[in-house]
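Architecture at a glance
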Amino acid sequence: MLGLALLQREDYTEGVKELEKALDLERGASPKGYKVEEIWQDLARARYLLWEHESTKRSWDLQNLKETCMAALKEKHFLDTSQVEGFVDENIQSNLEQLEALNGVFNKAAEDDIPTDVPDYLCCKITLDIFRDPVITPSGLTYERAVILDHLHKVGNFDPVSREPLYSSQLVPNLAIKEAARAFLETHGWAYKTD
Amino acid sequence: MSLTVAAAKQAEKLRIDGNSYFKKDRFGAAIDAYTEAITLCPDVPIYWTNRAVCHRKRNDWTRVEEDCRRAIQLDHNSIKAHHMLGLALLQREDYTEGVKELEKALDLERGASPKGYKVEEIWQDLARARYLLWEHESTKRSWDLQNLKETCMAALKEKHFLDTSQVEGFVDENIQSNLEQLEALNGVFNKAAEDDIPTDVPDYLCCKITLDIFRDPVITPSGLTYERAVILDHLHKVALIDIQLSFPFIYMHIFILQCHVLILNFVIFKVGNFDPVSREPLYSSQLVPNLAIKEAARAFLETHGWAYKTD
């Protein structure tokens, strides 16, 4: 709860720390209890808020810098053009290209902070969310553990996509993908957003 | 015997002559033989590809390209022709087309003999081609980026100069903030250039045995992922164990019981049937293709072409 309180007063970094601690302890105490899920949801929300706070500042700084540089470049073009006689059209074209290129550079630098789609291979085909605890089936397909277990218990013992026979004992944790998803979230914090 | 049948027979004889010259490294003579065969029967693709192989041995890439294109006209699915055409295009630095031809060759070879050694050979050439293509394109990108950065840095410094000369007082703060701005701009250009700078491929995309990026990853029941060819190699390893040395107790027992049976001194054991890292029992039938990681590795190579480099 300290974590939640810290989020309320916008100390996101500390809030995340407290919630991580809470999750750790809860996982140790009762790994399959409903409270784990509850704390996890709060932690995901906290990480999202932290990212939002930090990326807003980054975007703001980047936008200011871009405007300053665009202005500086335009001034330079103006000064250079007024000193060069003739060849004006080519210069205008190449100046426009330069401004466009600079715009491109700023967009590329800001790329990680712009929410887009999480790559397919990092998402469960059933939930369409980024993996938390991915497991792989003998057909080579990867699902979110909780969801595939649910499917096997409620719907039937077969792989939802390949339709091959499937039992929960055959599920193997896809450790590499779990790590890939974690690494993605670290650099693309917007993906913590839960609907 | 009609003229064409006689010509075909003669051409075949010439091809065999060419083949034997080739085996003796007499490439000039081989080329002459194939050329005669081509003159007699110009529509047989294999004469053209055989001649192309000779041209390649002599590094005569222009002729390699000519002969391969001719062969492809006659047979769209000639693996050798696409393969060598790809290599010839790389030689004259047409990387995009070179990659295309090698992709075609690999596709065809995989269809024909998926487990043959030629698949590996073509794959190596394709990886090299993709690397060269990336290198060519990223060199241009870096060059353009560097030029733009220098222009912008200069423009920003001019602006600082003009702004400063108009403002009275507060000079130190301005200098500090101007330096920060230049530093920030440098940071922006570095970030934009990031993907093109070779670093380490993320661990989860590399096989723990080969330390190379995955091509055909498979996962074991312990949840660990390896390169398919390498883990299969590991599982199929056999070892000869000398019973006399390794199990002297058993050996002596058998000897003492005076069995009148010829004792085999060696026993072949399959020593590899375990997961290399987790050490749990593992059989090749338990390997599952890690399709998600395969896709992740492919996506990474698309944006980080430097990772195609094979040592």
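Residues numbered from 1 in each chain as written. Chains lettered and ligands numbered in written order. Predicted model: local features only at pLDDT ≥ 70, side-chain atom pairs only at ≥ 80, totals over all residues. Heavy atoms only, no water.

In this section: the sheet that holds strand S5 (residues 288–289) of chain B. Think of a sheet as strands paired side by side through backbone hydrogen bonds, with each pair either parallel or antiparallel. All names here are of chain B. With antiparallel pairing, three strands are arranged side by side in an open sheet as S2-S1-S5. Every interior strand has two partners, whereas the edge strands, strand S2 (225–227) and S5, have only one. Alignment of strand S1 (residues 217–219) against S2, held across three bridges, turns out to be antiparallel. Across the sheet, Val 218 pairs through a bridge with Tyr 226, a residue of S2. (Pairing = 2+ DSSP bridges. Helix = DSSP H or I, 4+ residues; strand = E, 2+ residues; numbered from the N terminus.)

Soluble globular proteins: nonpolar side chains tend toward being buried together. Membership of the largest hydrophobic core comes to 87 residues, with the highest contact counts inside it found for Val 118 and Leu 122 of chain A together with Val 201 and Leu 205 of chain B. A per-element tally of this core places helix H7 (residues 117–166) of chain B first, with 10 residues. Excluding residues that lie within four positions of it along the chain, Val 118 of chain A makes contacts with Cys 123, Ile 130, Phe 184, Trp 190 and Ala 191 of chain A. Counting residues in each nonpolar core, the second largest holds 20 residues, with Leu 148, Leu 185, Phe 189 and Ala 192 of chain B among its members. (Core = buried A, V, L, I, M, F, W, Y, C linked by side-chain atoms within 4.5 Å. Buried < 20%, exposed > 50% of the residue type's maximum accessible area, 1.4 Å probe, protein only. Contact = heavy atoms within 4.5 Å.)

This brings us to unusual backbone geometry. Despite not being glycine, Asp 25 of chain B shows a phi value in the positive range, around 65°. Among the secondary structure elements, Asp 25 of chain B is positioned in the loop between helix H1 (3–23) and helix H2 (27–40).

The next thing to look at is empty space enclosed by the protein. Counted according to the given criterion, the structure contains one cavity of 30 Å³ or more. One number sums up the size of the largest cavity: a volume of about 30 Å³. Lining the largest cavity are Ala 72, Glu 75, Lys 76 and Leu 79 of chain A together with Ala 155, Glu 158, Lys 159 and Leu 162 of chain B. Mapped by element, the contributors of at least two residues to the lining of the largest cavity are helix H3 (34–83) of chain A together with H7 of chain B. A per-class count over the lining of the largest cavity returns four nonpolar, no polar and four charged. (1 Å grid on protein atoms, 1.4 Å probe; cavity = no way out; pocket = protein on both sides within 12 Å on 5 of 7 lines; lining within 4 Å. Points joined across faces, edges and corners; volume = space filled by probe spheres on them. Nonpolar A, V, L, I, M, F, W, Y, C, P; charged D, E, K, R; others polar.)

Turning next to the interface of chain B and chain A. Taken together, the contacts link 35 residues of chain B with 35 residues of chain A. Carbon and sulfur atoms make up 77% of the surface buried where chain B meets chain A, a total of about 2800 Å² over both sides. If you look at where chain B meets chain A, you find two salt bridges. Residue Asp 195 of chain B pairs with Lys 108 of chain A through a salt bridge whose shortest N-O separation is 3.3 Å. Remark: the boundary between chain B and chain A carries three residue pairs in polar contact (both at pLDDT 80 or more). (Buried area = accessible area lost by both parts, 1.4 Å probe. Salt bridge = Lys/Arg side-chain N within 4 Å of Asp/Glu carboxyl O. Polar contact = N/O pair within 3.5 Å; in protein donor to acceptor, adjacent residues only side chain to side chain.)

What follows is about the packing of aromatic side chains. All told, the structure shown has five aromatic pairs over all chains when counted by the stated rule. For the pair Tyr 48 of chain A and Trp 51 of chain A, a centre-to-centre distance of 5.6 Å together with 45° between the ring planes defines the contact as tilted. Note that Tyr 48 of chain A and Trp 51 of chain A are positioned in helix H3 at a spacing of three residues, about one turn of the helix. There is no split in this pair, since Tyr 48 of chain A and Trp 51 of chain A are both buried. Summarising the aromatic geometry, the rings of Phe 300 of chain B and Trp 306 of chain B are spaced 6.0 Å apart at their centres and angled 90° between planes, so their arrangement reads as edge-to-face. (Phe/Tyr/Trp six-rings, centres within 6.5 Å; stacked < 30°, edge-to-face > 60°.)

Our next topic: the sheet that holds strand S1 (residues 134–136) of chain A. All names here are of chain A. Strand order in this open sheet of three strands is S2-S1-S3, and the pairing throughout is antiparallel. Two strands lie at the open edges of the sheet, namely strand S2 (142–144) and strand S3 (172–173), each paired on one side alone. Sheet analysis places S1 next to S2, joined by three bridges and oriented antiparallel. Bridging from a neighbouring strand, Ile 136 pairs with Thr 142 of S2. Where helix H5 (residues 145–154) meets the sheet, its contacts fall on S1, S2 and S3, and the angle it forms with S2 comes to roughly 90°. (Axes fitted to C-alpha atoms, helices over the stretch in contact; angles between N-to-C directions.)

All names here are of chain B. Mapped onto the present numbering, the UniProt feature "repeat: TPR" (unreviewed entry) falls on residues 11–44 and 79–112. With 79% helix and 0% strand, residues 11–44 has end C-alpha atoms that lie 10 Å from one another. The distance from the first to the last C-alpha atom of residues 79–112 is 9 Å, and the span holds 91% helix and 0% strand. (UniProt positions renumbered as here; feature names shortened; annotations may be inferred.)

Moving on to the pattern of salt bridges. Note on pairing: side chains with opposite charge can pair once their charged atoms come close. Evaluation of the coordinates by the stated rule reveals 31 salt bridges over all chains. Between Asp 133 of chain A and Lys 178 of chain A there is a salt bridge, with its nearest N and O atoms 3.9 Å apart. One end of the pair, Asp 133 of chain A, is in the loop between helix H4 (88–110) and S1; the other, Lys 178 of chain A, is in helix H6 (residues 175–187), with 45 residues separating them in the sequence. A salt bridge links Glu 12 of chain B to Arg 15 of chain B, with the nearest nitrogen and oxygen atoms 2.9 Å apart. Taken together, the residues Glu 12 of chain B and Arg 15 of chain B, both in helix H1 and three residues apart, mark about one turn of the helix.

Below, the discussion takes up the UniProt feature "domain: U-box" (unreviewed entry) in chain A. Under the present numbering, the feature "domain: U-box" (unreviewed entry) in UniProt falls on residues 117–191 of chain A. With 31% helix and 11% strand, the stretch residues 117–191 of chain A has end C-alpha atoms that lie 8 Å from each other.

Residue and element names in this part refer to chain B. Orientation of helix H5 (residues 79–91) relative to H7, taken along the N-to-C sense of each, is 25°, at an axis distance of 11 Å. Between H5 and H7, the angle falls in the class roughly parallel. The two elements H5 and H7 cross, and the hand of that crossing is left-handed. In contact with Ile 79, His 83, Leu 87 and Leu 90 of H5, H7 contributes Lys 118, Glu 121, Ile 122, Asp 125, Arg 128, Ala 129 and Leu 132. Looking at the contact of H5 with H7, its residues break down into six nonpolar, one polar and four charged. (Parallel < 35°, antiparallel > 145°, perpendicular 65-115°, else oblique. Left-handed = near helix turned anticlockwise from the far one by under 90°.)

The next point concerns the state of the cysteines. Per the stated rule, a full pass over the model turns up zero disulfides over all chains. Of the cysteine sulfurs around Cys 124 of chain A, a residue in no disulfide, the closest is that of Cys 123 of chain A, at 8.6 Å. No disulfide involves Cys 207 of chain B; its sulfur sits 8.6 Å from the nearest other cysteine sulfur, which is in Cys 206 of chain B. (Disulfide = S-S within 2.5 Å.)

What follows is about the packing of helix H6 (residues 95–112) of chain B against H7 of chain B. Residue and element names in this part refer to chain B. Relative orientation of the contacting elements H6 and H7 amounts to 160°, with a least axis distance of 9 Å. As far as their axial angle goes, H7 and H6 are roughly antiparallel. At the point where H6 passes H7, the crossing takes the left-handed sense. Taking contact as the criterion, the partners of Tyr 95, Thr 96, Val 99, Leu 102, Glu 103, Ala 105, Leu 106, Glu 109 and Arg 110 in H6 are, on H7, Lys 118, Val 119, Ile 122, Trp 123, Asp 125, Leu 126, Ala 129, Arg 130, Leu 132, Leu 133 and His 136. Looking at the contact of H6 with H7 residue by residue, the classes come out as 12 nonpolar, two polar and six charged.

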